[in-house]
Amino acid sequence: MILSKEHELMRKNFRNFAETEFTTEIQEQLDREGGFNWDIWKKIAKYGFAGTKIPVEYGGQGGDYLAYALMNEEFARVCPVLAIYANTPNSLGGGPLLQCGNKEQLEKYLTPAAKGEKHIVFALTEPGAGSDPGSMITRATADGDYYVLNGRKCFISGAPIADYAIVYARTNPELKGAKGISMFIVDMHLDGVSCGKPEPKMGINGYPTSDIVFENVRVHKSDLLGPLDKGYAVAMKTLDGGRLGVAAQSLGIAQGALEEAIAYAKERKQFGKPISYNQGVSFMLADMATEIEAARNLIYSAAQAKDMDAKDASTQCSMAKYYASEMANRVCAKAIQIHGGYGFIKDYKVERLYRDARVMTLYEGTSQVQQIVISRSLLK
Ligand SMILES: Cc1cc2nc3c(=O)[nH]c(=O)nc-3n(C[C@H](O)[C@H](O)[C@H](O)COP(=O)(O)OP(=O)(O)OC[C@H]3O[C@@H](n4cnc5c(N)ncnc54)[C@H](O)[C@@H]3O)c2cc1C
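Please read these numbers as outputs of a predicted model, since none were measured by experiment.

(A) Region of the structure containing the UniProt feature "domain: Acyl-CoA dehydrogenase/oxidase C-terminal" (unreviewed entry) in the protein. Summarizing the sequence annotation, UniProt attributes the feature "domain: Acyl-CoA dehydrogenase/oxidase C-terminal" (unreviewed entry) to residues 229-379 in the numbering used throughout. Split by type, residues 229-379 is 77% helix and 3% strand. Its first and last C-alpha atoms lie 28 Å apart.

(B) Up close: the packing of aromatic side chains. On inspection of all chains with the given rule, the structure shows 18 aromatic pairs. Plain terms: the ring middles of Phe 49 and Phe 75 are 5.3 Å apart, the flat faces sit at 80° to each other, and that makes the pair edge-to-face. With Phe 49 in the loop between helix H3 (38-46) and helix H4 (65-78) and Phe 75 in helix H4, the pair connects residues that are 26 residues apart, well separated along the chain. When its relative accessible area of 8% is taken as the criterion, Phe 49 is described as buried. Through a chain of ring-to-ring contacts, the aromatic side chains of Phe 14, Phe 17, Tyr 47, Phe 49 and Phe 75 assemble into a single cluster. When the ring centre of Tyr 68 is taken as origin, the NZ or CZ atom of Lys 53, which lies over that ring, is 5.3 Å away. One Lys or Arg, Arg 218, reaches over the ring of Tyr 146 and ends 5.0 Å from the middle of that ring.

(C) Structural view of helix H6 (residues 103-114). What H6 keeps buried is the set Gln 105, Leu 106, Tyr 109, Leu 110, Thr 111, Pro 112, Ala 113 and Ala 114. On its buried side, H6 packs onto helix H5 (80-100), strand E1 (120-123), strand E4 (164-170), strand E5 (181-187) and strand E8 (224-225). Gly 116 occupies a position one or two residues after H6 and carries a positive phi of about 75°.

(D) Examining the pattern of salt bridges more closely. Considering all chains together, one arrives at 19 salt bridges under this definition. Close ionic contact of Glu 351 with Lys 346 constitutes a salt bridge, the shortest N to O distance being 3.2 Å. Take Glu 351: its relative accessible area is 11%, and that puts it in the buried class. Taken together, the shared-partner salt bridges connect Glu 8, Arg 11, Arg 15, Glu 73, Glu 74, Glu 293 and Arg 296 into one network.

(E) Highlighting the side chain of Lys 321. By secondary structure assignment, the location of Lys 321 is in helix H9 (residues 313-339). Among buried charged residues, Lys 321 stands out as having no salt bridge; its nearest opposite-charge side chain is Glu 364, 7.3 Å away. There is a polar contact of 2.6 Å between the side chain of Lys 321 and the backbone oxygen of Gly 365. When residues no more than four places from it in sequence are discounted, the contact partners of Lys 321 are Arg 243, Val 246, Ala 247, Met 360, Thr 361, Leu 362, Tyr 363, Glu 364, Gly 365 and Gln 370.

(F) Highlighting the site of the ligand. Around the ligand sit 18 residues in total, of which Thr 125, Ser 131, Ser 157, Thr 366 and Gln 368 are the nearest. A distance of 2.7 Å is found between a nitrogen atom of the ligand and a side-chain nitrogen or oxygen belonging to Thr 125. Here Ser 157 contributes a side-chain N or O atom positioned 2.7 Å from a nitrogen atom of the ligand. Summarising the interface, the protein chains cover 63% of the accessible area of the ligand, which totals 980 Å² for the free molecule. Among the elements of the structure, E1, strand E3 (146-157) and helix H11 (367-379) are those that each provide at least two residues to the shell around the ligand. Counting residues per element, the shell around the ligand draws most heavily on E3, at 3 residues. A breakdown of the residues in the shell around the ligand according to their chemical character gives 10 nonpolar, 7 polar and 1 charged. Counting residues domain by domain, the shell around the ligand receives three or more from each of domain 2 (120-230) and domain 3 (232-379).

Analysis parameters
Residues numbered from 1 in each chain as written. Predicted model: local features only at pLDDT ≥ 70, side-chain atom pairs only at ≥ 80, totals over all residues. Heavy atoms only, no water. UniProt positions renumbered as here; feature names shortened; annotations may be inferred. Helix = DSSP H or I, 4+ residues; strand = E, 2+ residues; numbered from the N terminus. Phe/Tyr/Trp six-rings, centres within 6.5 Å; stacked < 30°, edge-to-face > 60°. Buried < 20%, exposed > 50% of the residue type's maximum accessible area, 1.4 Å probe, protein only. Lys NZ or Arg CZ within 6 Å of the ring centre and 35° of its normal. Contact = heavy atoms within 4.5 Å. Salt bridge = Lys/Arg side-chain N within 4 Å of Asp/Glu carboxyl O. Lys, Arg positive; Asp, Glu negative; His and termini not counted. Polar contact = N/O pair within 3.5 Å; in protein donor to acceptor, adjacent residues only side chain to side chain. Near = heavy atom within 4 Å. Areas by Shrake-Rupley, 256 points an atom, 1.4 Å probe, with all protein chains shown as cover. Nonpolar A, V, L, I, M, F, W, Y, C, P; charged D, E, K, R; others polar. Domains from an automatic or database assignment.

Here it is as structure tokens:
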């Protein structure tokens, strides 16, 4: 797809920012030590990337889904963790608010998130409810002007640094499965809210992931987000956009791995010539580049479908996420192969990209869940 001049300019800006600000030193430090880099976060906020896709009236940049995809792609090309930093407020944090927040909620919660002043995270998954969030058991019981929340969420990206969480809880235990679930905006500093220790992860280190536990947490009724008992549908709709973001992150990772592999193949000599002179190696590069381009087109077209609110936008986002995340894993594996033994050593970036790519087929719906979404749309 040929991008407009405006989108090309955006791509250039995203690339410049990632390449100049998210240095190899920072990337390696985050991978080694975990935690969170507040200096980078301040820069993301300053440049408005926390609100790339959020309307201008709520403090964002008013960009479209294509701009959002380009940001994720370009940031992840340098380092997926940078993409995840900027992605959260634009997707799963801000998405549910944008979808059904009232004016007060939008001004109170969305605007500071878009400006990067506050962190909002998305808390759907539970230990017993992953691919099947409808089986969640976190409970919200009405009590006067409040709802009392009890339960545990797990694997919540950004929980340890969050100011607010969009939390899904069962408000009507009579209703089963997807029905009877509501959304709440929970202040992470309320009594009874606590986070577990950040999970030690295979990759994407530097953006902490943990449990959130709710013990008799009193959430005011004004923080009920969207219609009572009907929060699940909003969660699913919000995940569309998030899936597009993960697809674009996968694309960026694959592009980054390809560039590393090309540079290495041209430089590394064996049998008296660069290894790229062997078709066994150069054909691997050709396959990687072709798969990347296929994913890129799928992602940009899914982004356009979202921008036009097309009927099949949701399926397209699932296809993009499914294909791009699996593709990134294949491409990163080949990039390691081309690096030979050196690809297994931490000094080489492909080793980190390989680990970072692994989560892409898992979170925001596993590949199997994407297959369920796609096949359902074919068979309905
Ligand atoms: C680093 C990280 C960050 C995350 N961030 C967040 C977050 O911010 N917020 C949040 O709410 N969640 C988050 N998650 C949770 C993530 O979305 C879930 O891990 C994911 O949805 C899968 O759920 P599960 O791990 O319970 O796996 P399970 O659902 O137990 O699945 C296990 C396996 O069974 C397969 N499977 C399950 N059901 C079916 C079926 N019907 N047909 C075929 N195969 C099936 C799955 O595809 C998978 O291969 C995060 C996870 C990770 C690892």
